[in-house]
Each structure stands twice: as C-alpha cells, then as structure tokens.
Amino acid sequence: MKAQVFRGVNQLSYEDIPVPTLEPDEVLVQVQVVGLCQSDIKKIRYPLYEPPRIFGHETAGTISAVGSEVTGWQVGQRVAVMHHIPCMHCGYCLNDNFSMCDVYKNISTTAGFNASGGGFAQYVKVPGHIVRNGGLIPIPDNISFEEASFVEPTNCCLKAVKKAQIAPGQTVLVTGAGPIGLMFIMLVKYFGAKAIATDLLPSRIEKALNVGAEAAFDARDANLPKKIQDLTNGMGVDTTLLAVPSEKAFFQALDCTRKGGKILFFAEFPDEVEIPVNPNILYRREIDLMGSYSSSYRVQSLAADIVFNRRIDVQALISDRYPLQDLSAAVEQAIAPTPETYKILIYP
C-alpha cells in the first residue's frame, strides 16, 4: 500500500509499505478520507517524535478485514475511527481526565512503524483495545466519509466547551477563526450561547459571521475590549476560548473576559513560550485559567450525534482536498494559508 512516512523534520516520503497484518482481535480499515490536523503539522515540522512514523488520525473509511476473534463488525462497514481509547479504570480515567491516561496515550491506530494514528496511508490497523471499547463508530448511510472524519475534532472541541461549562445565554470570545475556531463558533451557538470571534484575515472574520458568530473583529483592533464591553452590558465575555497560540491573544482575553469568567487554552504554544501574569489579576477578578487537550470518551457519543445529525455544518469548514501523494503540499498550504484556507482533507 501507499503511505506518507515521516522520515525526519519536514521530511515526508511517499512510499510503498506492507499492509498491516492483523492479530485475532484487530480490524483493518481502508482509509477513504483523513483530516489534516494542526497537531499533525506540528509533529511533521518539529523534532517531537523519532521517525519513522505515519501520522493522521481524523480517519473515516471502510472495514476491509477483521481478526478471527472480532465480533460485531463486518467487512464493508463504514466507520469513523477514534485513534485513542482510555483504559477506563486508572486514577485519571476515574476523574474524567481520559487524555492523561497512559493507555490512551500509548495505544493508537497504526499503518506501520511506531503507532502514531496511521491515517496518512491506504490502510490503518485498529488495535483490539480500541475495537472492543468503542473506537469504531458506524457511519449512517446518509453521511459522507468527509463528514464522518469530523467526529474526532468535534469531540476535541466539544470537550473544551463542556469543560468551560458554556451555557445558554452566555457570551464567548473565540480567538482565531481557523477550522477549530469556526467549529467552536458553531458549537457555542448550538449550546445556546453567543460567540464573538477575532482573526487577522478579513475573509476569516467574514466566515465567522457566516457560520454563526454574533460579531467578529480584527484581532489587532485597539478598541476590541471596549467593543466587547458594549456588546456585553459593560461586563465582558463569560468565557474566552484561545484557539490560537498567541501571547497577545491571551492578554487580550484578560482584557475582554468578565470578573469571575474563564479563559481556556486550546491551542498548543511552543514549549519555549512563557507568559508572565500578575497573579493578583486572577485573584482579584476571580479569573479561571484552564486547558483542554485532545478528546474525551465522555462526549464521544454526543460528538457523533452532532456530526451525524448535522447539528453543526461541518461541510462548511472544508476548503481544500488533496490526494495522499500531495500531503507535503497540503501541509505547506496549512502553514501559509490563503485567505480561503480552512479545513484540508486528504484522500489515500
């Protein structure tokens, strides 16, 4: 089969490799489409993982083989694939910190080499632990593979929305109107809250309004805190979702979030970044800082429901489609997006 093998920093090699062989409890999925995620780009561009590996994890496809001990799944079924499933019984899982679980972090779907998602290949193997514990999600007949590939990123955003306890009637600032920021806007609106968005690109500011933001502004607007106060009866937003790794966006969030509000870090910053914060700002204004990383098993069914019942329009997020052999070009476009670049999908 063909695969894009990570051979070193910024080195992707389009290769012929063996189709993964199955253990009795495993399932093989033919990949129909896989989303290109910012975390994939980070892993390709920086020395975070030893090569060789095959990345890609927002995967939807067709079951092409099942191990002899597998029950409940048949060749030909259309499935969305979750590349991590927690153990359900460690101290992290018992406290709903599923993405901190060692099993969650260390067992993954694979197309070969060290298990790393494996979606950037024609076939991906799903380990028995993931098969047995809900990592394969049947795709309804009326839902496309493209739509189904959004179940995993929807889960990640939904986890953040739930963690921030976003509720009807609240106002939420979303910093950055890229694919993740736009999904946040859709989810905030779905849960009955109002979204205000910021971005640097006029096209993305317009897109934010098109997908449901109540207002959208240039992130460089010096009057942004005043404009947000005017929209919130002088209070500021209840919650800010940081969807870009920007120090300026964080300090902007401090200026725009009301007393007693929340700021949630969703984007991953470079490791060398340190942000100085006067702790009295947090103390006196009772601002909660929190982070949300990866997906949550707790919201997996709800994420699938939201996508499969089209409660948000994930198709509106798709801007570009590339064949697997052109993954490097797709990565370059994501790094230096055009004004109309949003979600990029890859086709093995």
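Rules of the game
- For every chain, the first residue of the written sequence is number 1, and numbering continues from 1 along that sequence.
- Given that this is a predicted model, residues contribute local features only at a pLDDT of at least 70 and side-chain atom pairs are listed and counted only at 80 or more, while totals for whole chains, interfaces and linings are drawn from all residues.
- Hydrogens are left out, water is left out, and the side-chain values use all remaining heavy atoms of the structure.
- Two strands pair under a simple rule: DSSP has to find at least two bridges between them.
- Each helix is a run of H or I in the DSSP string that is no shorter than four residues. Each strand is a run of E no shorter than two, and both are numbered from the N terminus.
- Looking down the strands as they point away from you, a crossover is right-handed if its path from the first strand over the helix to the second goes clockwise.
- Any pair of nitrogen or oxygen atoms within 3.5 Å is treated as a polar contact; in protein, a donor-acceptor pairing is required on top of that, and neighbouring residues in sequence qualify only through side-chain atoms on both sides.
- Only heavy atoms matter for contacts: two residues are in contact if any of them lie within 4.5 Å across the pair.
- For helices, the fitted line uses only the C-alpha atoms of the stretch in contact; every axis is such a line through C-alpha atoms, and the angle between N-to-C directions lies from 0 to 180 degrees.
- Here a patch means residues that are over 30% exposed by relative accessible area and free of salt bridges, tied together within 9 Å if like-charged and within 5 Å if nonpolar (Val, Leu, Ile, Met, Phe, Trp, Tyr).
- Surface accessibility follows the Shrake-Rupley procedure with a 1.4 Å probe radius. Residue values consider only the protein chains on display as shielding.
- Salt bridge, as used here, is a side-chain nitrogen of Lys or Arg placed within 4 Å of a carboxyl oxygen of Asp or Glu.
- Each residue is assigned to one of three classes by its accessible area relative to the maximum for its type, calculated with a 1.4 Å probe on protein chains only: buried under 20%, partly exposed between the two thresholds, exposed over 50%.

Alignment of strand E14 (residues 318-323) against strand E15 (residues 343-347), held across 5 bridges, turns out to be parallel. For Pro323, the partnering residue across the bridge sits in E15 and is Tyr347. Considered for its hand, the β-α-β crossover made up of E14, helix H13 (residues 327-335) and E15 is right-handed.

Another point: the side chain of Glu146. Tracing the sequence through the fold places Glu146 in helix H5 (residues 145-148). At a separation of 2.6 Å, a polar atom in the side chain of Glu146 contacts the side chain of Arg321. Among residues more than four places away in sequence, those in contact with Glu146 are Val33, Ile318, Arg321, Leu345 and Tyr347.

Ordered by their spatial adjacency, 6 strands build an open sheet running E10-E9-E8-E11-E12-E13, and the pairing between neighbours is parallel. Of all strands in the sheet, those bounded by a partner on one side alone are strand E10 (215-218) and strand E13 (288-291). When strand polarity is set aside, the average angle formed by the axes of neighbouring strands in this sheet is 20 degrees. Pairing of strand E8 (residues 171-175) with strand E11 (residues 237-242) involves 4 bridges; the strand directions are parallel. Of the residues in E11, the one forming a bridge with Val172 is Thr239.

Glancing now at a nonpolar patch on the surface. A contiguous nonpolar patch, built from Tyr46, Leu48 and Tyr49 and spanning about 290 Å² of accessible area, is present on the exposed surface. Within the element layout of this structure, Tyr49 appears in the loop between helix H1 (38-45) and strand E4 (58-66). According to the relative accessible area criterion, Tyr49 is partly exposed, its value standing at 36%.

Distances and angles like these do not, on their own, reveal function.
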